[in-house]
Structure formats: C-alpha cells, structure tokens
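The primary structure of each chain is shown beneath.
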Amino acid sequence: MTIFLAILIGLATGVLSGFGIGGGSLLLLYLTLFAGVSQYRAGGINLLYFVACAPAALVSHIKNKLVEWQAVKWGVIAGVPASILAAFGAAMIDVRWLRRLFGVFLLYVGCKELFTKRKKSGTPPE
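Residues numbered from 1 in each chain as written. Predicted model: local features only at pLDDT ≥ 70, side-chain atom pairs only at ≥ 80, totals over all residues. Heavy atoms only, no water.

Undergrad: How would you explain the packing of helix H2 (residues 23-33) against helix H5 (residues 95-115) if you had to name every residue and give the values?
TA: It is at 12 Å that the axes of H2 and H5 come closest, and there the two elements cross at 140°. The handedness of the crossing between H2 and H5 is left-handed. Of the residues in H5, those touching H2 at Ser25, Leu28, Leu29 and Thr32 are Arg99, Phe102 and Leu106. For the contact of H2 with H5, the class distribution of residues is four nonpolar, two polar and one charged. (Axes fitted to C-alpha atoms, helices over the stretch in contact; angles between N-to-C directions. Helix = DSSP H or I, 4+ residues; strand = E, 2+ residues; numbered from the N terminus. Left-handed = near helix turned anticlockwise from the far one by under 90°. Contact = heavy atoms within 4.5 Å. Nonpolar A, V, L, I, M, F, W, Y, C, P; charged D, E, K, R; others polar.)

So this is what it looks like as structure tokens:
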C-alpha cells in the first residue's frame, strides 16, 4: 500500500462520513480486506480516525443547534462503561469470530437503513 493510496482512502472515507455514510466502517473494511491490517489494529486506527474527525463535526452540530444535551448526558453515562466492557470483551474473542460479528452488525445496520421508512427528509425513522 503506497502512502498516496492510504491518504486518498482516508480522504474519501472522511468525505463520505461527512455525508453521514459511515466512513469509519468503510475505513475498517478497507484496512482489513485490502490493506492486510489486523482486525485489532484496524479498530485502533479507526478510533484515531474518529478522534481526529469528531471535534469538527461536534463544533458544526453545536453551532447549528443540533445537539440534544440530555441525550448526550445519558449517552456518556451508558456509553463509557459499555465501551470499556466491549473493549475487554473484544480482546477475549478470537479474531475470526470478531470479523464475523462485525460483518453481521454491518448487514443488520445496512438492512435497517435500507428498509426503514422515513416520514419526510430530515426526520427520524418511524
């Protein structure tokens, strides 16, 4: 993998995530399927990617008054302990099973997005 290709893929997944497509998931797929990066290392790279992209998105969402602070509070309260437990759990799972579970998760999310009807553009799903 050349550095130019890696930068191009990072840029493309960043742009796609800006459109709400899930650039982090695409980056994980690229790293594990095409770049030969291990699942655990790809997960770490994806976390660094998120840490670099999230502040800009957060500033934009706060500026446009799109942040529901009550939901943020409960998300942090539940999310931090769940993330720590999930990290320890993932470290104990064989990498083949971890890949399969991630694939099933992506299929589930993709089907849910594909088949969930929305009332009108910009509204939450029914």
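Undergrad: Residue-level account of the side chain of Thr13, with values.
TA: As for its placement among the helices and strands, Thr13 is situated in helix H1 (residues 3-18). When its relative accessible area of 5% is taken as the criterion, Thr13 is described as buried. Sequence-distant contacts of Thr13, that is, excluding residues within four places in its chain, are made with Gly23, Leu26, Leu27 and Tyr49. (Buried < 20%, exposed > 50% of the residue type's maximum accessible area, 1.4 Å probe, protein only.)

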